[in-house]
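# Remarks on the overall topology
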Amino acid sequence: MKKKHLPLEKDVDIEFEYKIYMLLDYIKKYHKILLGLAIAILIAVTAFFYYKKEKEKTYNQASAIVYQIGDLYAQEKYDEALKLIKNFKQQFSNTPYIKLALSYELLILKAKKEKLDYQKTITKELQQKLKTKHLKSAFIEYDGYLSYAMDKPQESIQTLSKIKKDHFNYISAQLLKAFAYKKLGKEKEAKTLFEEISQTSTYQYFKLVARENL
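Notes on the structure in this doc start here. (Residues numbered from 1 in each chain as written. Predicted model: local features only at pLDDT ≥ 70, side-chain atom pairs only at ≥ 80, totals over all residues. Heavy atoms only, no water.)

## What to know about the overall build of the chain
Let me state the cut-off plainly: By definition, any uninterrupted DSSP run of H or I lasting at least four residues is a helix, any uninterrupted run of E lasting at least two residues is a strand, and each is numbered from the N terminus. Three labels apply to residues, based on accessible area from a 1.4 Å probe with only protein chains included: buried if under 20% of the type maximum, exposed if over 50%, partly exposed otherwise in between. Here, two residues are considered to be in contact whenever any of their heavy atoms come within 4.5 Å of each other. Only the protein chains shown count as cover for residues, and the accessible areas themselves come from Shrake-Rupley with a 1.4 Å probe.
Counting its regular elements, the chain contains 10 helices and zero strands. In the chain, the succession of α and β elements from N to C terminus is α-α-α-α-α-α-α-α-α-α. Residue burial in the chain is summarised as follows: out of 214 residues, 30% are buried. Considering only contacts in the chain between residues 6 or more positions apart, those separated by 24 or more positions represent 45%. Total accessible area on the chain is roughly 15,100 Å²; 57% of this is exposed by carbon and sulfur atoms.

What follows is the structure, encoded as structure tokens:
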């Protein structure tokens, strides 16, 4: 067997030349594996950019439809808006814009003063999707209000108890909770909350309402 010789030339860095020679020998030996790896990387990169492009396209479509929904809501064309929301939920439920679509749906149902039980379903869905603490607490309070309006004061109290002192709507939630206690006939609990609100609220409206119910 003929012995391999390094392709050396005069004034060449021997260590560097040797590394190049070994690298070429390695590539030759494992060229099929390396080729397969290169193809796999190329496919992955292509797929990533394709996914990114398609995602951007989907988001643009979703944004445009939400704008249409908002426009219909502003014009009080509620039935047309609800149809559009229904289609939106089928096509774009995996986009961030679903939160806006659900919010519009809730506003429309509230404006039409109907389907309180369905409104509760939407509020719960929004609570799950929203990440911002204060936005979430607003829908928790509305959920509590819906329970109160549906003559379920105990359920309302349980829901409103999720709103803590560091939430922006703590006082208004406490006021609603006091009315729920009153509806249950628990005058002592209701009085305690009314007194707390009248003493601590910075909003004159809440103070006046609380004092009128003491």
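## Some details on the packing of aromatic side chains
How we decide: Each Phe, Tyr or Trp ring (for Trp, its six-membered ring) is paired with any other whose centre lies within 6.5 Å, and the angle between the two planes then decides the class: stacked below 30 degrees, edge-to-face above 60, tilted in between.
Per the stated rule, a full pass over the model turns up eight aromatic pairs. With centroids separated by 5.8 Å and ring planes inclined at 55°, the aromatic side chains of Tyr73 and Tyr104 adopt a geometry described as tilted. Of this pair, Tyr73 sits in helix H2 (residues 31-74) while Tyr104 is found in helix H4 (residues 98-112), placing the two residues 31 residues apart along the sequence. Residue classification places Tyr104 among the partly exposed positions, given a relative accessible area of 22%.

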